[in-house]
Amino acid sequence: MDVAPVSSFMPEETQPSRPAGWGDSFRMPLFLSGTQVRFGDRWETVSHVSIRRQDMSVHLVGRDAPVAPERLVLEPTVFATRRLP
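Because the structure is a prediction, the values reported are computed rather than measured. (Residues numbered from 1 in each chain as written. Predicted model: local features only at pLDDT ≥ 70, side-chain atom pairs only at ≥ 80, totals over all residues. Heavy atoms only, no water.)

Quick look at the overall build of the protein now. For the protein, the count of helices and strands is zero helices and six strands. When its helices and strands are written in sequence order, the protein yields β-β-β-β-β-β. The buried share of the protein, taken over its 85 residues, is 16%. A separation threshold of at least 6 residues defines the contact pool for the protein, and within that pool the share at least 24 residues apart is 47%. For the protein, the accessible area works out to roughly 7100 Å², and carbon and sulfur atoms hold 54% of it. (Helix = DSSP H or I, 4+ residues; strand = E, 2+ residues; numbered from the N terminus. Buried < 20%, exposed > 50% of the residue type's maximum accessible area, 1.4 Å probe, protein only. Contact = heavy atoms within 4.5 Å. Areas by Shrake-Rupley, 256 points an atom, 1.4 Å probe, with all protein chains shown as cover.)

Right under this line is the structure:
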């Protein structure tokens, strides 16, 4: 059974403050199939992503070996950390 947090029922001005470091949003690259990423000096297309033993690898179209996400350049996506109307 899903239960909404109590803070979602309170008006915004009465909601408790967030801990230090928490904002209304955060930015993170989102590696979806078909996304264009920069790998070195070339543009590549994401085939799929695999997670094995808490290690994420990005597979690119036309390449046999997976690539660590840290080696790819992709504009981060903005995610909200609170409910939006």
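Once that is clear, we can look at the pattern of salt bridges. Per the counting criterion, the structure on display carries four salt bridges. Linking R82 and D24 is a salt bridge whose minimum nitrogen-to-oxygen distance equals 3.3 Å. Pair noted here: R82 is in the segment after strand 6 (77-80) and D24 is in the segment before strand 1 (25-28), with a separation of 58 residues, a long-range link. For R82, a relative accessible area of 28% corresponds to the partly exposed category. Given a relative accessible area of 47%, D24 falls into the partly exposed group. R63 serves as the salt-bridge partner of E44, at 3.1 Å between the closest nitrogen and oxygen. Taken as a pair, E44 in strand 3 (residues 42-52) and R63 in the loop between strand 4 (55-60) and strand 5 (72-73) lie far apart in primary sequence, 19 residues in all. Salt bridges sharing common partners tie together R42, E44 and R63. (Salt bridge = Lys/Arg side-chain N within 4 Å of Asp/Glu carboxyl O.)

Looking now at the packing of aromatic side chains. A complete count under the given rule lists one aromatic pair for this structure. Between the aromatic rings of F26 and F79, the centroid separation amounts to 5.3 Å while the plane-to-plane angle is 20°, which identifies the pairing as stacked. With F26 in strand 1 and F79 in strand 6, this pair connects stretches of sequence that are 53 residues apart. Given a relative accessible area of 38%, F26 falls into the partly exposed group. (Phe/Tyr/Trp six-rings, centres within 6.5 Å; stacked < 30°, edge-to-face > 60°.)

Here the focus is the sheet that holds strand 5. Taking strand neighbours across the sheet as the criterion, the four strands line up as 4-3-2-5 in an open arrangement whose pairing is antiparallel. Each end of this open sheet is capped by a strand with a single partner; those strands are strand 4 and strand 5. In this structure, strand 2 (residues 36-39) lies alongside strand 3, joined through four bridges in antiparallel fashion. Along strand 3, the bridge assignment pairs R38 with W43. (Pairing = 2+ DSSP bridges.)

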